[in-house]
Amino acid sequence: MRDRLLLGLALLLAIALPWLAEAAGSPATVSLATRMAIYAIAAASLNLVLGYGGLVSFGHAAYFGLGGYAVGILYAHWRSEELLLGLIPGSIGLLPTLGAAMLLGGASAAVLGALSLRTRGVQFIMITLAFAQMLFFLFVSLKAYGGDDGLSIRRRGEFPGLDLRAPAQLYWLCLGLLVGWLLLLWRVTRSRFGQVLAGARQSERRMAALGVSVYPYRLVAFVISGMGTALAGGLMANALRFVSPDMMHWAKSGELMIMVILGGLGTLLGPVLGAIALVGLENWLSAWTEHWQFILGPILLAVVLFGRGGLMALLRRVLPA
Amino acid sequence: MIERRKLLGSAAALAAAPLLARPALAQGAALKIGMITSLSGPGAYLGQDIRDGFALAMEVDSGKLGGTPVQLLVEDDALKPGQGKQIAERFMKNEKVRLLTGIVFSNVLGAAVPDVLDAGGIYVSPNASPSNMAGKECHPNFWSVAWQNDSLHEAAGQAARNLGYKKVFVLAPNYQAGKDAITGFKRKYALPVAGEIYTRLDQTDYAAEMAQIRAAQPDAIYQFHPGGLGIAFLKQYVQAGLSQSIPMVLSSPSMDYNTMMAVGEAAVGITVTAHWNSDFDNAANRGFLAAFQAKYNRMPTYYAEQGYDTALAIGAALRGTKGQVDDTEAFRKAMMPAKFESPRGRFAFGPNQHPVCDWFMLKVQKNGDGKLALVTQPGKVLENYGDAHSAQCKF
Amino acid sequence: MALLLEQLLNGVQLGVMLFLLAAGLTLVFGIMGVINLAHGSLYMVGAFASAFVAAQTGSFLLALLAGLAAAALCGMAVEYVVLRRLYARDHLDQVLATFGLILFFNQGMVLLFGRQPLFVDIPPLLQGAVEIIPGVPYPAYRIAIIGVGLLVGLGLWFLLQKTRVGMLVRAGATHRDMVRALGVDVRLLYTLVFGLGALLAGLAGLMAGPIFSVQVGMGEQILIQTFVVIVIGGLGSVRGAVAGALLVGLVDTLLRAFLPATLRSVMQGADADALASGLASMGIYVLMALVLLVRPRGLFPAHA
C-alpha cells in the first residue's frame, strides 16, 4: 500500500516536473528528464532479456540506433519526396514513424536473436556485440544518410493535438510511453510467459524436463526487447532531432547495460532508476569538472562492489517491503 | 574573466535538489559565452587547444572581448552528439547564454547547433564546418572562423597539382569526412587519381594498404587520417620504406604540431597545406605565439589559432554592438567586416559567413637546433579562397 | 604473386599483434573466469609507461622494463583491489566494474600525461627493412613482432603444460578447493596469473607503440577485435587464441587488400570502393558470427 502511494507520488512529481523546473529557473531540466525517460524505456526493454531472461545482450545499441534511423530516414524521404526503395513514402507523422521504428527493431531482433540465441554465456555476449558492430559500420559507411556525420531531422514527429516542439509536451509523451511500456512489461513478466522466461534463467534443464522448449520464449522476449529499445531510439531521434551511428556504438550498449545493473537487475523500476542516475551523473559531473570520467568510473566500481542489487536494493533497505 | 564551470557547477550541484540544478548567479554584468568542446577521448587535445586559444584572447584583453567583459563557460561533450545538445540546451535555457562556440566534430555540431539557431542563438564555429552549413542550410546566425571543411582538402589538391604530380594515390577512412576529403582533393587536383582506398575508422594496422600503394607505384600519395589514425599511418608508411620513394601531400588535420611530434623524424619532407602556421611573419602571429607559449608552455596547434581567431572575431563584433548580442541582425552587421588582426594574415568572411583566406604550403623540416618544425614555403597555394558551396547559400 | 605473399605476411603479422593482446585476456578468462574489459587499459598503461621512460632516459631496455613493470603492477593492483571480489559474481558485474576501470584509467592518463599523443621511436637495432620476399622490403620491426609473438606463445605453452606453477594454475581453474586443500594460496596464485596477463597486455602495448599511435583510448580501439579473436578461438584457450588471432589477422588483411579490386571488376568504381570498405569493416564480425553458429564454443574450447 505504502509502496503504491510512494509510486503515485513519484509519478505526480514526474508529471509536474516542467512546472517545477520553470519555477526553479532551470527549464533545461525538462529536456534532461526527457533523455532520462527515453533511456529508461531502452533500459527497461534491455532488462527483459538481461534481468528476467538472463541473456546478456551486449548489442542493444543496434536496436536503439535502428529505431532512430527509422525516424531519420523516413524524415529524409519525406523531405526529398522520393520513395524509400521505390516503395515507401517518407513521413513525419508520429505514429507511422514510431511504428516503423518498432517494426524495424522487432524484425531485426527476430533475425539477429534467432541466430544469437543458438549460443550461450560469453559467446552470446560476443555474438550480439558482433551483430551490433556490423550494423554500426554499415551506417557509418551509408553516405546517403549522412554516414558518420549523422542525419539532421528538422521537424519533430506530428500528431494531432500535440506540439512536440514544446519541450514539456515531448517530455510528457516520453513519460507517458515509459509508463505504458512499464505496465506492459509488468504484465509480461507476471504472465506464464514471464515465468517460463525466469525459469529458463534459473535452470534450462528443469524447463526441458517440464517439456518446455525455452528457445521460442527467449526469442519472443528478445523481439519485445528489441521493439522497446527501437521505440526509445525513435523517441531519441525526435528529442535530438538528429541521428548518427554514435547511437549504435558499442559503448552505448555498455551504457544501457550499466543503467540496468546500476538500477537493479530483474526489477521493474530498477532500469528507470539506473537511467536517471547515469544520465544525471554524467550531466552533473561533466558540468562540475572536465575530468568527470575520473570520478564516474570509481562510482560505477563502488556500486558493483558494495551495492549488490543496485539502487533498487538500496531503496529497499531504506524502505523495507 | 575566465570562469571555469568547476566553480559555478559545484555550488549549484551541491546546493540544489538533484533534479533541479539552479542557474549559477551572474557574475557582475559579464556577457556569458558558452563553449561546448571535446575534452575527453582520443580527440581531446583538439578541444583543449581551442579552449586555450580562446581563453588566451580573453586574457590578453584582460577578461574582455572588444571592450565587453565576458565569462566563458566550458563543458566537455565527450564526442557524444546527445551530450553536446544537452549542454547547448542548458547553456541557452538555464544560463541564458546567447552566444555559443567550441564544437570540434561535425557530428556533435549536427546535433547541437540547429537547436541553438532555431532558438535565436548565435553560433561561431572554431572548427567543424560541414558543407551543408556553408551551402543549402546556411544560417544568418551561423559563423565559421575556421574554414569550410572542403577547403582543407582542395588546398591539398591544388598543391599536388602545383607540384606537378601526375599520378596521385588517395586514401581516407570510410566515413563522411573521409569521403568529403577525397572529393575536395579531387576537385582541385582535377587529374585522374592512380587509385583510391577507403580505410576503416577502427583500423590500426595499414600494412595491407602499404603493399597496395607500393604495387601501384604512384608519383605521390594524399591521405586524410585525422589524429591517432594518421600517426599510425605515417609511422607505418615510413617503416615500409615508402617515404623515400613516394612523397606525401597532406591537409592540415593529418599533420598538426602534435601529430608531427608524435611521428617524429619520420615526418621530415612531408608537404602539408594550411591556412596558418606558427612561423607566419606578422605582428598578430608573433604576439599570439609569444603569449600562448608564455601562458601554456607548449606550442599551439592550428586548433589553438582557430580558437584565438574565434575570440577575436567575436570581440570585433562585440565592439561594434557595444556588447549586445540580443539583436542578431546588428551583431551580424558588426561581425561581417571581420575587423580584427588574425595571426593567419588576411581574413574576411564570404557571403555565406565562412572564411575567405589564403592557403599555404608547409614542409616538415629540421631546423637549426635539430628540432622538427613545420616551415612555410614561399608563395600561396590558393589566394583569397572561400569555398565551393557559397553559391547555394540563400539567407 | 609477390603481392599475395606480402599480404599473407601482413596478415600473419597483424594476427601475431592481436595474439599478444589476446593471450593475456584469454589466460585471465580461462583461469579466473573474468571478463576484463580493462585489459585494453593495461595495454595503454604499458605503452604510455614505456614511451615516457624512453623519452626521459633514451634507453630502450629501461623503457621495456618500465612498460612491463607498470602494466604488471597496475594489473596486480586492480586484481587485489577490485577483481578478486568479483570472481564469484556473474559476468555482468565484471563487465560493469571493468567498464568503470576503463573510464578511470583513460582520464588518469590524461591527468598524468596530457591529451596529446606521445612519440615512440623504434629501437635502432630494429630500424630498416629486410627483404624476405625478393623485391619487397619488409620492416624489420614487424618481423621482430612476429618473433616476440612466437616466443610468447611457446613460453605460455611451456609454463602451463610443463611447470609446477602451470599445473597449479590449470588445477586452480577447475578444482579450486582441491588446490587449496593441498596448501596452495589460491588467492596469491590468481593475483600472479592476473599480473602475468597484465604483463602480456603491457608487452603488446609497448610493442605497438612504435607502429600505432600512443594516445588515450588506444586500448578500446583494439579491445573489441581482441575479444573477437578469443571468442573465435575458444575462450580460455591459448591454442585457440593463436588460431583465432591468425584467422582474424589474415581475413582482415586479405579482405582489405583484395576485396576492392575484386568488386571493381564487377561494378562501378565509387560504389565498389564504398561497398568493399563496408564489407571489410564487417568482415571479422561476420567471421565470428559464422564460427559461433557452427561451433558455439569456438574453434578450440578450453575444458572441452
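Residues numbered from 1 in each chain as written. Chains lettered and ligands numbered in written order. Predicted model: local features only at pLDDT ≥ 70, side-chain atom pairs only at ≥ 80, totals over all residues. Heavy atoms only, no water.

**Quick look at the overall build of chain B**
Link 1 in the chain: Assigned secondary structure in chain B consists of 13 helices and 15 strands.
Link 2 in the chain: A globule of 395 residues ought to have a C-alpha radius of gyration of about 21 Å, and chain B, at 21 Å, matches this closely.
Link 3 in the chain: Considered along the principal axes of its C-alpha atoms, chain B spans approximately 65 × 45 × 40 Å.
Link 4 in the chain: Evaluated residue by residue, chain B yields a buried proportion of 67% over its 395 residues.
Link 5 in the chain: Contacts in chain B between residues far apart in sequence, at least 24 positions, make up 69% of those at least 6 positions apart.
Link 6 in the chain: Here chain B displays about 12,700 Å² of accessible surface, and carbon together with sulfur accounts for 54% of that area. (Helix = DSSP H or I, 4+ residues; strand = E, 2+ residues; numbered from the N terminus. Rg over C-alpha atoms; globule rule 2.2 N^0.38 Å. Buried < 20%, exposed > 50% of the residue type's maximum accessible area, 1.4 Å probe, protein only. Contact = heavy atoms within 4.5 Å. Areas by Shrake-Rupley, 256 points an atom, 1.4 Å probe, with all protein chains shown as cover.)

**Examining the domain arrangement of chain B**
All names here are of chain B.
Link 1 in the chain: Under the domain assignment, chain B is made up of domain 1 (31-147 + 280-353) and domain 2 (150-274 + 358-392).
Link 2 in the chain: Relative placement of domain 1 and domain 2: their C-alpha centres are 27 Å apart.
Link 3 in the chain: Counting residues at the interface gives 15 residues for domain 1, matched by 18 residues for domain 2.
Link 4 in the chain: Taken together, the two surfaces of domain 1 and domain 2 that pack against each other cover about 1,500 Å², and 56% of this comes from carbon and sulfur. (Domains from an automatic or database assignment. Buried area = accessible area lost by both parts, 1.4 Å probe.)

**A short note on the sheet that holds strand β3 (residues 68-76) of chain B**
Residues and elements named next belong to chain B.
Link 1 in the chain: Reading across from one edge, β2-β3-β1-β4-β5-β6 is the order of the six strands in this open sheet, with mixed pairing throughout. Either end of the sheet is taken by a strand with one partner, and the two such strands are β2 (64-65) and β6 (142-144).
Link 2 in the chain: By the bridge criterion, three bridges tie strand β1 (residues 31-37) to strand β4 (residues 99-101) in an arrangement that is parallel. By the bridge assignment for β4, M35 is matched with T101. (Pairing = 2+ DSSP bridges.)

**Quick word on the nonpolar core**
Link 1 in the chain: With 226 residues, the main nonpolar core has L300 of chain A, V168 of chain B together with M32, Y43 and F48 of chain C as its most contacted residues.
Link 2 in the chain: Here this core takes 16 residues from helix α1 (residues 2-32) of chain C, the largest share from any one element.
Link 3 in the chain: Once you skip the residues sitting within four places of it in the chain, V168 of chain B turns out to touch A160, F185, Y189, V193, A194, G195, A220, I221 and Y222 of chain B.
Link 4 in the chain: Counting 88 residues, the second-largest nonpolar core is a separate cluster that includes L46, V263, F331 and L382 of chain B. (Core = buried A, V, L, I, M, F, W, Y, C linked by side-chain atoms within 4.5 Å.)

**Quick notes on the pattern of salt bridges**
Link 1 in the chain: Tallied over the entire structure, the rule returns 44 salt bridges over all chains.
Link 2 in the chain: The residue D150 of chain B makes a salt bridge to R187 of chain B at a minimum N-O spacing of 3.3 Å. On the criterion of sequence distance, the pair formed by D150 of chain B in helix α6 (residues 149-162) and R187 of chain B in helix α7 (residues 176-189) is long-range, its members being 37 residues apart.
Link 3 in the chain: When the shortest N-O distance is used, the salt bridge between D252 of chain C and R200 of chain B registers 2.5 Å. Linking D252 of chain C in helix α10 (residues 238-264) with R200 of chain B in the loop between β8 (195-199) and α8 (207-216), this pair reaches from one chain into another. Judged on exposure class, the residue D252 of chain C and its partner R200 of chain B are both buried.
Link 4 in the chain: Residues joined in a network through salt bridges with shared partners are R79, R154 and R241 of chain A together with K85, D115, D118 and E137 of chain B. (Salt bridge = Lys/Arg side-chain N within 4 Å of Asp/Glu carboxyl O.)

**With respect to the state of the cysteines**
Residue and element names in this part refer to chain B.
Link 1 in the chain: In the structure shown here, the tally under the stated rule is one disulfide over all chains.
Link 2 in the chain: Paired through a disulfide, C138 and C393 show a sulfur-sulfur distance of 2.1 Å. In this structure, the disulfide formed by C138 and C393 twists by about 90 degrees around the S-S bond and is classed as right-handed. You can see C138 sitting in the loop between α5 (131-134) and β6 and its partner C393 sitting in the segment after β15 (382-385), a full 255 residues away along the chain. As far as burial versus exposure is concerned, C138 and C393 are alike and both buried. (Disulfide = S-S within 2.5 Å.)

**Some details on the pairing of β8 of chain B**
Residues and elements named next belong to chain B.
Link 1 in the chain: With five of its five residues buried, β8 lies for the most part within the structure.
Link 2 in the chain: Of the two faces of β8, the one holding G195, I197 and T199 and the one holding E196 and Y198 are both buried throughout.
Link 3 in the chain: Where strand β7 (residues 168-173) lies against β8, five bridges are found, and the strand directions are parallel. Residue P173 lies in a different strand from β8, and its bridge partner there is T199.
Link 4 in the chain: Where the polypeptide runs from β7 across α7 and back to β8, its parallel neighbour, the crossover connection is right-handed. (Right-handed = clockwise from strand over helix to strand, strands pointing away.)

**Side note on the UniProt feature "transmembrane region" (unreviewed entry) in chain A**
All names here are of chain A.
Link 1 in the chain: Listed under "transmembrane region" (unreviewed entry) in the UniProt record, and renumbered for this structure, are residues 33-54, 61-78, 98-117, 124-146, 166-186, 207-236, 256-281 and 293-315.
Link 2 in the chain: Secondary structure content for residues 61-78 is 100% helix and 0% strand, while the C-alpha to C-alpha distance between its ends is 25 Å.
Link 3 in the chain: As a span, residues 256-281 carries 77% helix and 0% strand, and end to end its C-alpha atoms are 14 Å apart. (UniProt positions renumbered as here; feature names shortened; annotations may be inferred.)

**A word on the UniProt feature "signal peptide" (unreviewed entry) in chain A**
Link 1 in the chain: When the UniProt feature table is mapped onto this chain, "signal peptide" (unreviewed entry) is found at residues 1-23 of chain A.
Link 2 in the chain: Between the first and last C-alpha atoms of residues 1-23 of chain A the distance is 31 Å; the span itself is 96% helix and 0% strand.

**Describing the interface of chain B and chain A**
Link 1 in the chain: Between chain B and chain A, the contact holds 42 residues from the first and 42 residues from the second.
Link 2 in the chain: Across the chain B to chain A interface the summed buried area is about 3,900 Å²; carbon plus sulfur atoms make up 50%.
Link 3 in the chain: Counting across the chain B and chain A interface gives eight salt bridges.
Link 4 in the chain: Across the pair K80 of chain B and E282 of chain A runs a salt bridge, and its minimum N-O distance is 3.4 Å.
Link 5 in the chain: Counting across the chain B and chain A interface gives 14 residue pairs in polar contact (both at pLDDT 80 or more).
Link 6 in the chain: Counting residues per element, the ones that place at least two in the side of chain B that touches chain A are α1 (5-15), β3, α3 (81-93), α4 (106-118) and α7 of chain B. (Polar contact = N/O pair within 3.5 Å; in protein donor to acceptor, adjacent residues only side chain to side chain.)

**Overview of the interface of chain B and chain C**
Link 1 in the chain: Each side of the interface is counted separately: chain B has 39 residues, and chain C has 40 residues.
Link 2 in the chain: Together chain B and chain C conceal approximately 3,300 Å² of surface at their shared face, both sides included; 50% is due to carbon and sulfur atoms.
Link 3 in the chain: Where E6 of chain C meets R214 of chain B, a salt bridge forms, and the shortest distance between an N and an O atom there is 2.7 Å.
Link 4 in the chain: Linking chain B to chain C there are 16 residue pairs in polar contact (both at pLDDT 80 or more).
Link 5 in the chain: Elements represented by at least two residues in the side of chain B that touches chain C include exactly α2 (44-60), β8, α8, α9 (227-239) and α10 (257-263) of chain B.
Link 6 in the chain: Looking at the side of chain B that touches chain C residue by residue, the classes come out as 18 nonpolar, twelve polar and nine charged. (Nonpolar A, V, L, I, M, F, W, Y, C, P; charged D, E, K, R; others polar.)

**Focus on the packing of helix α12 (residues 302-321) of chain B against helix α13 (residues 328-335) of chain B**
All names here are of chain B.
Link 1 in the chain: Following both chains from N to C, one finds α12 and α13 inclined at 120 degrees, their axes separated by 8 Å at the closest point. Viewed along their axes, α12 and α13 adopt a mutual orientation that is oblique. Remark: the crossing between α12 and α13 carries right-handed chirality. Between α12 and α13, the residues in contact are A313, I314, A316, A317, L318, G320 and T321 and A330, F331, A334 and M335, respectively.
Link 2 in the chain: Considered class by class, the residues forming the contact of α12 with α13 number nine nonpolar, two polar and no charged. (Axes fitted to C-alpha atoms, helices over the stretch in contact; angles between N-to-C directions. Parallel < 35°, antiparallel > 145°, perpendicular 65-115°, else oblique. Left-handed = near helix turned anticlockwise from the far one by under 90°.)

**Quick look at helix α9 (residues 218-233) of chain C**
Residue and element names in this part refer to chain C.
Link 1 in the chain: In this model, α9 (16 residues) spans 23 Å end to end at C-alpha, consistent with the 22 Å of a helix rising 1.5 Å per residue.
Link 2 in the chain: Residue I224 marks the point of greatest curvature in α9, where the axis turns by about 30 degrees.
Link 3 in the chain: G234 occupies a position one or two residues after α9 and carries a positive phi of about 110 degrees. (Expected span 1.5 Å × (residues − 1). Bend = angle between axes of the 7 residues up to and from the residue.)

**A word on the confidence of the model for chain B**
All names here are of chain B.
Link 1 in the chain: Per-residue confidence for chain B gives a mean pLDDT of 88; residues scoring 70 or more make up 93%.
Link 2 in the chain: Across residues 1-27, where pLDDT falls below 50, the model places 55 contacts with residues more than four positions away in sequence or in other chains.
Link 3 in the chain: Under the prediction, the complex receives an ipTM of 0.83, its pTM being 0.86. (pLDDT = per-residue confidence, 0-100.)

**Regarding the packing of aromatic side chains**
Link 1 in the chain: In total, this model carries 30 aromatic pairs over all chains according to the counting rule given.
Link 2 in the chain: Measuring from ring centre to ring centre gives 5.2 Å for F340 of chain B and F347 of chain B, while their planes differ by 50 degrees; the resulting arrangement is tilted.
Link 3 in the chain: Look at F48 of chain C and F113 of chain C: their rings are 5.2 Å apart centre to centre, the planes differ by 40 degrees, and that puts the pair in the tilted class. One end of the pair, F48 of chain C, is in helix α2 (residues 39-57); the other, F113 of chain C, is in helix α4 (residues 91-113), and 65 residues separate them in sequence.
Link 4 in the chain: A relative accessible area of 19% places F113 of chain C in the buried class.
Link 5 in the chain: Connected via pairs of aromatic rings, a cluster forms that spans W276, F288, F292, Y296 and Y308 of chain B. (Phe/Tyr/Trp six-rings, centres within 6.5 Å; stacked < 30°, edge-to-face > 60°.)

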